[in-house]
Amino acid sequence: MYVDFKKHLQAELEKITEAGLYKDERVIGSPQQAEITLTSGQKVLNFCANNYLGLSNNPELIKAAREALDTHGYGMSSVRFICGTSDLHKELESKIADFFGTEDTILYAACFDANGGLFEPLLTSEDAIISDSLNHASIIDGVRLCKAKRYRYENADMEDLESRLAAAQEQRFRIIVTDGVFSMDGNVAPMDKIYELAEKYDAFVMVDECHSAGVVGKTGRGVTELFDLRGKIEIITGTLGKAFGGAIGGFTTGKKEIIEMLRQRSRPYLFSNAIPPLVAAAGIRMIDMMTETNELQDKLHHNTDYFVNKMSDLGFDIKPTESAICAVMLYDARLSQEFASRLLEEGIYVIGFYYPVVPDGEARIRVQLSAAHEHEHLDKAITAFRKVGKELKVI
Amino acid sequence: MSYSSNIKELYRDQLKNIRDAGIYKEERFIHSTQDADIEVEFPAGSRLKNVINMCANNYLGLSSHPEVLKAAHEGLETRGYGMSSVRFICGTQDIHRELENKVTEFLGTEDTILFPSCMDANAGVFEALLTSEDIMISDRLVHASIIDGMRLCSAEHDTFKHSNMQHLEQKLQLHADKRIKMVITDGVFSMDGDLAKLDEMVELCEKYDALLFVDDSHSTGFIGKTGRGTHEHFDVLGKIDVITTTFGKAMGGASGGCVSGRKEIVDMCRQKARPYLFSNTISPVVVAGVLKVFDILSGSTERRDKLEENTKFWRKGLTDAGFVLKEGESPIVPVMLFNAQLAQDFSKDLFDLGIYAIGFFFPVVPNGQARIRTQISAGHEKHHLEKALDAFKKVGEKYGILGLSKQEIIKKYGL
Amino acid sequence: MENIKDLVLEYVINEYQEDEDDEITYDTPLISSGFVDSFSMVSLKVFLEKKFDISIPDEEATPEAFDSVNKIVDLVNDYREKK
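What follows concerns the packing of aromatic side chains. Residues and elements named next belong to chain B. One pass over the structure, following the stated rule, counts 24 aromatic pairs over all chains. Seen from their ring centres, F126 and F213 are 4.9 Å apart, and the 40° between their planes marks the pair as tilted. Of this pair, F126 sits in helix α5 (residues 118–129) while F213 sits in strand β9 (residues 211–215), and the two are 87 residues apart along the sequence. Since its relative accessible area comes to 0%, F126 is described here as buried.

The subject of this paragraph is the interface of chain A and chain B. Each partner contributes to the interface: chain A provides 105 residues, whereas chain B provides 105 residues. Carbon and sulfur atoms supply 58% of the area buried between chain A and chain B, which totals about 9,300 Å² over both sides. There are 15 salt bridges connecting chain A and chain B. Its salt-bridge partner being A:E260, residue B:R19 comes within 3.1 Å of it at the nearest N-O pair. Our count for the chain A to chain B interface comes out at 62 residue pairs in polar contact (both at pLDDT 80 or more). Ranked by residue count, the leading element in the side of chain A that touches chain B is helix α1 (residues 2–18) of chain A, at 10 residues. Residue classes in the side of chain A that touches chain B are distributed as 50 nonpolar, 27 polar and 28 charged. With two bridges connecting them, strand β4 (residues 85–86) of chain A and strand β1 (residues 29–30) of chain B associate as parallel partners. Each residue of the ladder has a partner; that of A:S86, found in β1(B), is B:I30.

Now for the pairing of strand β15 (residues 370–375) of chain B. All names here are of chain B. Within β15, six of the six residues are buried, which leaves the element mostly enclosed by the surrounding structure. With burial as the criterion, each face of β15 is covered, one bearing A370, I372 and T374 and the other bearing R371, R373 and Q375. Alignment of strand β12 (residues 332–338) against β15, held across six bridges, turns out to be antiparallel. In the strand pairing of β15, M336 is matched with R371. Sheet topology note: the strand β14 (residues 359–360)/β15 ladder contains two bridges and is antiparallel. Across the sheet, residue G359 finds its bridge partner in β15, namely I372.

Okay, helix α10 (residues 256–265) of chain A next. Burial analysis of α10(A) places eight of its 10 residues in the buried class, the great majority of the element. Those residues of α10(A) lying buried are A:E257, A:I258, A:I259, A:E260, A:M261, A:L262, A:R263 and A:Q264.

Quick look at the environment of A:K232 now. The residue A:K232 is located in the loop between α9 (223–226) and β10 (235–239) in this model. As a C-alpha pair, A:K232 and A:N273 span 41 residues in sequence and 30 Å in three-dimensional space.

What follows is about the interface of chain C and chain B. On the chain B side, the residues contacting the 16 residues of chain C number 17 residues. Across the interface of chain C and chain B, roughly 1,300 Å² is buried in total on both sides, 45% from carbon and sulfur atoms. Three residues stand out in chain C for area buried against chain B, namely C:E15, C:E18 and C:F39, and they jointly supply 43% of the buried area on that side. The interface formed by chain C and chain B holds two salt bridges in total. Across the pair B:K171 and C:E15 runs a salt bridge whose closest N-O atoms are separated by 2.4 Å. Remark: the boundary between chain C and chain B carries five residue pairs in polar contact (both at pLDDT 80 or more). Residue assignment for the side of chain C that touches chain B shows that the elements contributing at least two residues are α1 (2–16) and α2 (41–52) of chain C.

So, about the sheet that holds β12(B). Residue and element names in this part refer to chain B. Read across the sheet, three strands follow the order β12-β15-β14 without closing on themselves; strand pairing throughout is antiparallel. Taken across any chain shown, the strands that pair with only one partner, and hence form the sheet edges, are β12 and β14. The sheet contacts of helix α13 (residues 302–321) involve β12 and β15, and relative to β12 the element is tilted by about 20°.

A few words on the domain arrangement of chain B. Residues and elements named next belong to chain B. Annotation of chain B at the domain level lists domain 1 (33–63 + 301–413) and domain 2 (66–299). Counting from both sides, the interface comprises 23 residues of domain 1 and, opposite them, 23 residues of domain 2. Of the roughly 1,900 Å² buried between domain 1 and domain 2 on both sides combined, carbon and sulfur atoms contribute 62%. Its largest share of buried area at the contact with domain 2, domain 1 owes to L60, L62 and R304, together 28% of the area lost on that side. Where domain 1 meets domain 2, there are two salt bridges. Between D192 and R371 there is a salt bridge, with the nearest N and O atoms lying 2.5 Å from each other. Our count for the contact surface shared by domain 1 and domain 2 stands at eight residue pairs in polar contact (both at pLDDT 80 or more). Of the residues in the side of domain 1 that touches domain 2, the class split is 10 nonpolar, six polar and seven charged.

Residue and element names in this part refer to chain A. When you tally the buried positions in β10, you get five out of five residues, the bulk of the element. Because side chains alternate across β10, one face comprises the buried residues I235, T237 and T239, and the other comprises I236 and G238, equally buried. Pairing geometry for strand β9 (residues 204–208) and β10, over three bridges, is parallel. Among the inter-strand pairings, V207 is bridged to a residue of β10, identified as I236.

Attention now goes to the sheet that holds strand β2 (residues 37–41) of chain B. Reading across from one edge, β4(A)-β1(B)-β2(B)-β3(B)-β13(B) is the order of the five strands in this open sheet, with mixed pairing throughout. Sheet topology places β4 of chain A together with β13 (355–356) of chain B at the edges, where each strand pairs with a single neighbour. Bridge count for strand β3 (residues 49–53) of chain B against β13(B) is two bridges, and the pairing is parallel. Across the sheet, residue B:N53 finds its bridge partner in β13(B), namely B:Y356.

Rules and cut-offs
- Residue numbering note: each chain is counted from 1, following its sequence as written.
- The order in which chains are written sets their letters, starting at A; the order in which ligands are written sets their numbers, starting at 1.
- The predicted nature of this model means local features are confined to residues of pLDDT at least 70 and side-chain atom pairs, given and counted, to a pLDDT of 80 or more, with totals for whole chains, interfaces and linings taken over all residues.
- Water and hydrogen atoms play no part in the side-chain values, which are based on all heavy atoms of the structure.
- Paired rings are identified among Phe, Tyr and Trp, the last through its six-membered ring, by centres lying within 6.5 Å, and are further divided according to the angle between planes into stacked (under 30 degrees), edge-to-face (over 60) and tilted (the rest).
- What counts as a helix is a DSSP run of H or I of at least four residues, what counts as a strand is a run of E of at least two, and both are numbered from the N terminus.
- Exposure classes here rest on a 1.4 Å probe applied to the protein chains alone. A residue is buried below 20% of its type maximum, exposed above 50%, and partly exposed in between.
- Here, two residues are considered to be in contact whenever any of their heavy atoms come within 4.5 Å of each other.
- The term buried area denotes the loss of accessible surface (1.4 Å probe radius) that occurs when two parts are joined, taken as the sum for both partners.
- Any Lys or Arg side-chain nitrogen found within 4 Å of a carboxyl oxygen on Asp or Glu counts as a salt bridge.
- Here a polar contact means two N or O atoms within 3.5 Å. Within protein one must be a hydrogen donor candidate and the other an acceptor candidate, and residues neighboring in sequence count only if both atoms are side-chain atoms.
- For this classification, the nonpolar set comprises Ala, Val, Leu, Ile, Met, Phe, Trp, Tyr, Cys and Pro, the charged set comprises Asp, Glu, Lys and Arg, and every other residue, Gly included, is treated as polar.
- Only strands joined by at least two bridges in the DSSP assignment are considered to pair.
- Only the stretch in contact is used when fitting a helix axis, every axis being a line fitted to C-alpha atoms; angles between N-to-C directions are given from 0 to 180 degrees.
- Where each domain begins and ends is defined by an automated method or by a domain database.

Pasting the structure below:
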């Protein structure tokens, strides 16, 4: 059998390659930090990691992880409700709830799983899910696994959202679902207006804080801090795989009954191991650090402002951003690829994104800032952008 | 607004129903490493209790093995804590590739792709490979994550009776007109511990021109002469098109899974499998630990041999005591009690005697097939198993089920 | 009528009975008792549609409507009349 299937797959893979969409991995031989070493031996500055707070190689997190290895071992070899729950898991769940001002938290192996297992246990075919068109793939998969009626509104378009809410009045319950920060543009969902509409049309709200937790808001508590809605959003999902240390793991935090229901019915929680204890321990340390001082959050905000301002001054076309994501617009797919590979030669590692990841004709370089970046790193990147920008006649 | 009123009440009612039905899932907090002996807080807030763990997937006793811990420590030092990125942006280290190659070599396949968990591997693999022109034919008892993966795939699906090769053949004939036919099974079934008949399935797949998919999560590391898995046991190495498996059970038990198999299949997963594209892969520290696990297993079959001996001892002990077991040869040994309440009470009494083993009942297993699922580990010493046997006998005596047949237990306790 | 009933019962026994000890009758709960998981229900629906040349909308193919041979026969008759 495999002979035919092999031919079929080879043809498909060829199509992907011809379309220029073949995904290749760049292999890193060092820890994740501002300066990384590729296996080619080249040292480059990393501007494409979700390492927003610079914690991916933080000594204190590593120390906490190492201590947990000694006290709690390596793996749990079990799902949570059989014999896979350590005291560290419970402690982290309660710390996350405190951090976001919510009632309870449930951990998952990844935020992909948190989103994938969120909707089915809570909603039935009598209910409605009203989802932003640019929501993350994992939310889309979660919605696909749920029987509720689906509505979709244009990205952050409140008029469109309102009309969908009005159309969904016949359903029993309505939930509005949005990313906090949209990962390709870096714009923030208008949570204040979403909340108002939810009140007006009797809906509740879920926000995915993957790119906003630790980043957005004065103390990094995410979009609920930015819009002064702490404790008011029913469901927040987030990840430990980006700003929060970057290892692995996700969570859903929110109303008590919702979390309790997820513990009974959410399939990725019931059928997969939780995060290893050492990741829970580092997570606990991470939240403690963010509570003790605002240094990392402040530094990230400063770095972002500095970079965005300098780049705008140089004449680059930058998407308005309220996060640590800075989209440098180039519009042309080929140009975005050439620009990125020239930057790599200059020692700056960024990725050019183009259709279908972003809309056709909106190719760009996505720069992600980090508290791990020092001024000299930012200046080096800005200089490289200027050089390549002039060369390629972008500025 | 709507949450505080109706929804809250709806969920409260549903949760109450779950409690009333006796199927509310409660966590027990473990304060020690995962091992044969563990320290448990249960119920929440009570004093720590030392118990013998008889229900972990820690088949090889590697979850807190000193060499694995040492490797993890070193991994943290040399490769840091997190990658903060998906694989194809800036989330791939040299050790991720190294692990993929190790898995490929160990399983005797062509290539391997890592996933954050085997749940994610199963959730993403079908959609990446099949379309509405194709058919998935799965065993009725495959794992929930496979079911979710199939739900996310537009290919048609059908099922065959558990391990019933005649029924499978009928289904292969029925769907002969489909472009791609994929037969889908677990290698070892998690609730009963029985092995899929992979030799016969390979034959059928060859005869009817179908692909064969095996989830070997409950076999990798210990089933087969050198622990390669169910395919080694049935002498069909190299003949399985897709294998998925986990590092979250025997292989150290931390986290992570993979798809391993034909080169093009793995390549296609790298292009299209959503959990791979949209989620971080396994953290470097976990990779470092799993690499060490492969070293340990490649060097010696001591641990899987010990597991086999322990399993034989345990099965014989329980059988001699007069329990009804599900037949099998894997370290999953279900003690059949049939009645859900009896399974719950039995588990609780065991815990009081220092033995940690969980009762399973509908909907996790079919109605009327409630049981205590015991899982044996190479981490168990004779004295652990003897103590556990004593406890099982005591509780079995208390409920008067020793020596009773299935029908007699059902007669005594109902279904 | 009887004919449909027997056809469905025969199919259900052939398709879902795992253990000779388990008796399946016209009234045996199929899904709520775990004989048929909701996933295998799909093949049952396909069988009914092919055999009786009807089309059952997904929203009508609920676990409740498929929960016994008798209920299934009612459902089939509904859609045969609608044809």
